[in-house]
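Structure assessment
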Amino acid sequence: MTATALPVKSGRVLDRLSLRQKRVLWAWTFLAVPIVFYGAIRFWPTLEAFALSFTNWNLLRPAAFVGLENYKRLLVDPLFWQVFRNTFLYLIIGTPVSLVISFVIAYYLDRVRFMHGFIRALYFIPFLTTAVAMAWVWRWFYQPVPIGVFNAALTWFGIPQQPFLRSTTQALPAILAPAVWAGLGFQVIIFIAGLRAIPTSYYEAARIDGVSEFTILRRITLPLLKPTIVFLVVFSSIGFLRIFDQVYNMNFNDPGGPLNTTKPIVLMIYQTAFKSLDMGYAAAQTVVLFMILLAVSLIQLRILKDR
Amino acid sequence: MTTTAAALEARLSRRSIRPGRIIAWTLLFLGGVVMMTPILFMLSTSLKDASQVYDLRLIPESPSFDNYIAVLSDGRFLRWFLNSLLVAVCVTVSNVFFDSLVGYTLAKYQFRGRYFIFIAILSTLMIPTEMLVIPWYLMASNLGWIDTYWGIMFPGMMTAFGTFLMKQFFETVPDEFLEAGRVDGLNEFTIWWRVAMPLVTPALSALAIFTFLGNWTAFFWPLIVTNSRDLYTLPVGLSSFAVEQAIQWEMIMTGASLATIPTLAVFLLLQRYIVRGVMLAGLKG
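Residues numbered from 1 in each chain as written. Chains lettered and ligands numbered in written order. Predicted model: local features only at pLDDT ≥ 70, side-chain atom pairs only at ≥ 80, totals over all residues.

Quick notes on the overall build of chain A
Formally: Secondary structure follows DSSP: runs of H or I at least 4 residues long count as helices, runs of E at least 2 residues long count as strands, and numbering of each begins at the N terminus. Throughout, radius of gyration means the C-alpha value; the globule benchmark is 2.2 Å times the number of residues raised to the power 0.38. Here a residue counts as buried when 20 or more other C-beta atoms fall within 10 Å of its C-beta, as exposed when 12 or fewer do, and as partly exposed in between; the C-beta atoms come from the backbone. Here, residues touch in the contact sense if the C-beta positions derived from the backbone fall within 7 Å of one another.
What chain A contains, in helices and strands, is 14 helices and zero strands. Compactness check: chain A gives a C-alpha radius of gyration of 26 Å against a globular reference of 19 Å for 307 residues, more than 25% above the reference. For chain A, the C-alpha atoms occupy an extent of roughly 85 × 65 × 35 Å along the three principal directions. Considering chain A as a whole, with its 307 residues, one finds that 39% of them fall into the buried category. Taking the intrachain contacts of chain A between residues at least 6 apart in sequence as the baseline, contacts between residues at least 24 apart amount to 67%.

Now the structure itself:
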């Protein structure tokens with residue numbers, strides 16, 4: 001088939017196609033570039049990440065197959081278990097705290113008519129900020145007197161100064177706070193959208209029957225809000241399990257410190273891959289992250305769907 | 001029916017001006033102010049000089065833009081700002097084009113393999129970015145994409161989330177509109193671009209807002225793929241700038257303000273569209 005023959009031939013072929021076949025051809029034409037993209041930038045790298053996790057590749061020597069060696073190494077690495085614990089602490093504290101706060105705000109904000117848009121904006125604006133910028137603002141807030149705002153406030157109330165980011169117990173919640181803070185606005189907006197989607201006739205009927213506000217909340221609002229709740233639980237859990245920007249910036253001299261008590265798995269991956277250049281080991285960690293995300297999402301969907 | 005609803009509404013609103021409502025409003029307002037304090041303190045400190053930083057009053061005694069002049073003078077921030085803008089705009093344009101094209105194809109064409117393609121694209125939602133970062137880095141270094149704009153952009157040029165969102169919306173477009181275009185002799189691409197796309201503009205703006213915001217604030221991948229200062233995006237640049245300033249908090253706050261003010265300005269201009277876009281994306285996505 002020569003280049004000159006091709007247009008003539010395909011022209012004839014195109015003429016012979018039915019309208020339906022032409023449309024199918026259009027569909028595949030539309031999908032051509034995306035298929036290449038998803039193949040090369042999503043599926044191939046996914047397979048490659050799995051494959052790399054079975055090698056000892058470290059940028060310096062060619063990759064050699066080492067079987068499950070990286071996974072075995074991970075299981076006996078005390079740092080991994082520390083990181084595993086931290087990652088789940090971010091999830092277990094972050095998700096319930098942020099969802100309860102945002103639901104309470106949304107529940108009351110939804111009924112507010114006076115300056116509704118303005119108050120909503122106050123809660124929503126932090127969601128639009130850059131995590132890196134806010135990490136530095138919060139880091140400044142946590143500094144000791146006379147710099148830090150929080151310690152200045154504590155001293156003003158006569159409470160002793162707190163070490164915050166320098167403490168092995170307080171640092172993790174201190175880093176989590178800006179992450180929760182920045183995510184609230186999004187959750188509030190989604191909750192309000194969910195609340196508005198509940199038909200008002202339910203409420204009217206309940207009020208005519210003289211049912212108390214609390215019973216309405218428990219028996220009508222929350223059950224009908226379930227799709228929204230499921231979405232937000234899964235969505236925010238994934239966010240907290242993948243926390244990185246705040247941790248990296250708020251303890252920059254020793255990311256994940258003090259003593260690795262704030263290090264999440266994504267930071268461990270970053271350091272293993274791009275500081276120690278231990279790519280094979282890092283790939284195994286990413287596979288573990290993938291399985292954690294999958295397991296947590298599936299468990300949450302299972303539990304929440306049943307209830 | 002409307003009269004009873006209106007009567008009930010009136011009764012409810014009359015009931016609503018009660019102490020409980022006023023207390024709830026006040027608490028919500030105070031909570032909102034607390035939410036804004038980090039941003040307000042950041043802006044306030046960026047207007048103070050080094051000697052005033054320890055003065056924690058929110059209104060600076062003698063506000064000045066000296067810090068901004070100092071931070072902007074060497075052009076680094078401007079460069080990072082333009083880098084971020086370029087990357088975010090290109091990725092957003094690409095997503096608006098390709099995600100809606102794929103979403104439209106999956107919603108409006110019948111062909112064998114359609115369901116398979118849809119599930120395949122959707123399944124990539126489960127793969128976390130972090131897992132792909134090492135292969136992407138390998139790919140970028142083999143192809144010479146490290147320290148290039150394309151290197152920062154290529155992983156996000158299309159997203160499964162956007163495709164899914166657009167598919168949902170194109171399914172609500174009546175087929176008659178597209179058939180009318182075919183009767184008029186338009187080709188399939190023109191029908192998509194001229195007929196279908198204008199009917200889903202709310203979804204397009206939601207997708208654009210999300211993609212832009214996500215790329216404007218992105219840190220992890222730009223941190224990995226850029227080595228030279230000139231290619232840093234604003235978050236990466238800000239992070240390196242803050243480290244370099246050590247304890248000069250007024251300078252760090254000025255840098256942080258520079259990264260925040262543009263999004264605040266855009267939000268104040270487009271507030272209604274942004275909130276509606278977030279609602280749309282959250283509910284359908």
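What follows picks up the thread again.
Some details on the overall build of chain B
The helix and strand tally for chain B stands at 14 helices and zero strands. Secondary structure elements in chain B, listed N-terminal to C-terminal, are α-α-α-α-α-α-α-α-α-α-α-α-α-α. On C-alpha atoms alone, chain B measures out to a radius of gyration of 24 Å, which is more than a quarter above the 19 Å that the 2.2 N^0.38 rule sets for 285 residues. Dimensions of chain B, computed from C-alpha atoms along their principal axes, come out at roughly 70 × 70 × 35 Å. Within chain B, the proportion of its 285 residues that are buried is 41%. Considering only contacts in chain B between residues 6 or more positions apart, those separated by 24 or more positions represent 73%.

Focus: the packing of helix H2 (residues 19–52) of chain A against helix H4 (residues 76–108) of chain B
Our working rule: Only the stretch in contact is used when a helix axis is fitted, and all axes are lines through C-alpha atoms; the angle between N-to-C directions ranges over 0 to 180 degrees. When an angle is under 35 degrees it counts as roughly parallel; over 145 it counts as roughly antiparallel; between 65 and 115 it counts as roughly perpendicular; any other value is oblique. Take the far helix as your reference; a near helix turned counterclockwise from it by less than a right angle gives a left-handed crossing, and one turned clockwise gives a right-handed crossing.
Packing of H2(A) against H4(B) leaves a shortest axis separation of 9 Å and a crossing angle of 140°. On the basis of their axis angle, the class for H2(A) and H4(B) is oblique. As for how H2(A) packs across H4(B), the hand of that crossing is left-handed. Mapping the contact onto sequence places A:Ala27, A:Phe30, A:Leu31, A:Val33 and A:Pro34 in H2(A) and B:Phe98, B:Leu101, B:Val102 and B:Thr105 in H4(B).

Points about the domain arrangement of chain B
Residues and elements named next belong to chain B. Note the cut-off: Each domain's extent is set by a domain assignment, obtained either automatically or from a database. Classification used: nonpolar for Ala, Val, Leu, Ile, Met, Phe, Trp, Tyr, Cys and Pro, charged for Asp, Glu, Lys and Arg, polar for all others including Gly.
Assigned domains of chain B: these are domain 1 (12–64) and domain 2 (69–284). Distance from the C-alpha centre of domain 1 to the C-alpha centre of domain 2: 32 Å. Each side of the interface is counted separately: domain 1 has nine residues, and domain 2 has eight residues. In terms of residue class, the side of domain 1 that touches domain 2 is made up of five nonpolar, two polar and two charged.

Some points on the UniProt feature "domain: ABC transmembrane type-1" (unreviewed entry) in chain B
For clarity, the cut-off: UniProt positions are given in the numbering used here, feature names are shortened, and annotations may be inferred rather than shown by experiment.
In this structure's numbering, the residues bearing the UniProt feature "domain: ABC transmembrane type-1" (unreviewed entry) are residues 81–270 of chain B. Within residues 81–270 of chain B, the helical portion is 75% and the strand portion 0%, while the C-alpha atoms at the span's ends are 20 Å from each other.

Notes on helix H13 (residues 265–274) of chain A
Counting buried residues in H13(A) gives eight out of 10 residues, a clear majority hidden from the surface. Of the positions making up H13(A), those classed as buried are A:Ile265, A:Val266, A:Leu267, A:Met268, A:Ile269, A:Tyr270, A:Thr272 and A:Ala273.

Overview of unusual backbone geometry
Residues and elements named next belong to chain A. Phi is positive for Phe 164, which is not a glycine, with a value near 50°. Looking at the secondary structure, you find Phe 164 in the loop between helix H7 (149–156) and helix H8 (171–196). Not every positive phi belongs to a glycine, and Asn 260 is a case in point at roughly 60°. For Asn 260, a count of 17 C-beta atoms within 10 Å gives the class partly exposed.

A look at the interface of chain B and chain A
Between chain B and chain A, the residue contacts involve 65 residues of the former and 68 residues of the latter. Every element with two or more residues in the side of chain B that touches chain A is listed here: helix H2 (19–46), H4, helix H5 (114–123), helix H6 (129–142), helix H12 (220–225), helix H13 (234–245) and helix H14 (249–284) of chain B. Here the residues of the side of chain B that touches chain A sort into 53 nonpolar, 10 polar and two charged.

Thoughts on the confidence of the model for chain A
All names here are of chain A. Condition: Values of pLDDT, the confidence the predictor places in each residue, fall between 0 and 100.
When pLDDT is averaged across chain A, the result is 87; 94% of the residues are at 70 or more. Mean pLDDT values for the elements of chain A range from 56 in helix H1 (residues 5–16) up to 93 in helix H4 (residues 78–109). Segment residues 1–8: pLDDT under 50, and one contact once partners within four positions in sequence are set aside and those in other chains are kept.

Considerations on the UniProt feature "transmembrane region" (unreviewed entry) in chain A
Residues and elements named next belong to chain A. UniProt marks residues 24–44, 88–109, 121–141, 175–198, 224–244 and 282–304 with the feature "transmembrane region" (unreviewed entry), using the numbering shown here. From the first C-alpha to the last, residues 121–141 spans 23 Å; its make-up is 71% helix and 0% strand. Summarising residues 224–244: 81% helix, 0% strand, and an end-to-end C-alpha distance of 34 Å.

Focus: the UniProt feature "transmembrane region" (unreviewed entry) in chain B
Residue and element names in this part refer to chain B. Per the UniProt record, "transmembrane region" (unreviewed entry) is annotated on residues 22–43, 80–103, 115–137, 149–170 and 251–270. With 100% helix and 0% strand, the stretch residues 22–43 has end C-alpha atoms that lie 30 Å from each other. Annotated as 100% helix and 0% strand, the span residues 251–270 places its first and last C-alpha atoms 29 Å apart.

Quick word on the packing of H4(B) against helix H11 (residues 201–216) of chain B
Residues and elements named next belong to chain B. It is the contact of H4 with H11, at a shortest axis distance of 9 Å, that shows an interaxial angle of 145°. Here H4 runs over H11; the crossing is right-handed. Contacts between H4 and H11 involve Ser 84, Val 87, Ala 88, Val 91, Thr 92, Asn 95, Val 96, Asp 99 and Ser 100 on the former and, on the latter, Leu 204, Leu 207, Ala 208, Thr 211, Phe 212, Asn 215 and Trp 216. Here the contact of H4 with H11 is composed, by residue class, of nine nonpolar, six polar and one charged.

Comments concerning the nonpolar core
The nonpolar side chains of a soluble globular protein tend to be buried with one another. Filter applied, for reference: Joined through C-beta atoms within 7 Å, a set of buried Ala, Val, Leu, Ile, Met, Phe, Trp, Tyr and Cys residues constitutes a nonpolar core.
A:Val137, A:Val188, B:Ile134, B:Ala203 and B:Ala256 are the most contacted members of the largest nonpolar core, which has 153 residues in total. For this core, the element with the most residues is H8(A), which contributes 17 residues. Excluding its chain neighbours within four sequence positions, the residues that come into contact with A:Val188 are A:Ser102, A:Ile105, A:Ala106, A:Leu109 and A:Tyr123.

Concerning H11(B)
Here is the rule we go by: To estimate the expected span of a helix, count its residues, drop one, and scale the result by 1.5 Å.
If you check H11(B), its first and last C-alpha atoms are 22 Å apart, about what 16 residues at 1.5 Å a residue would give, namely 22 Å. If you check which residues of H11(B) are buried, you get B:Ala203, B:Leu204, B:Ala206, B:Leu207, B:Ile209, B:Phe210, B:Thr211, B:Phe212, B:Leu213, B:Asn215 and B:Trp216.

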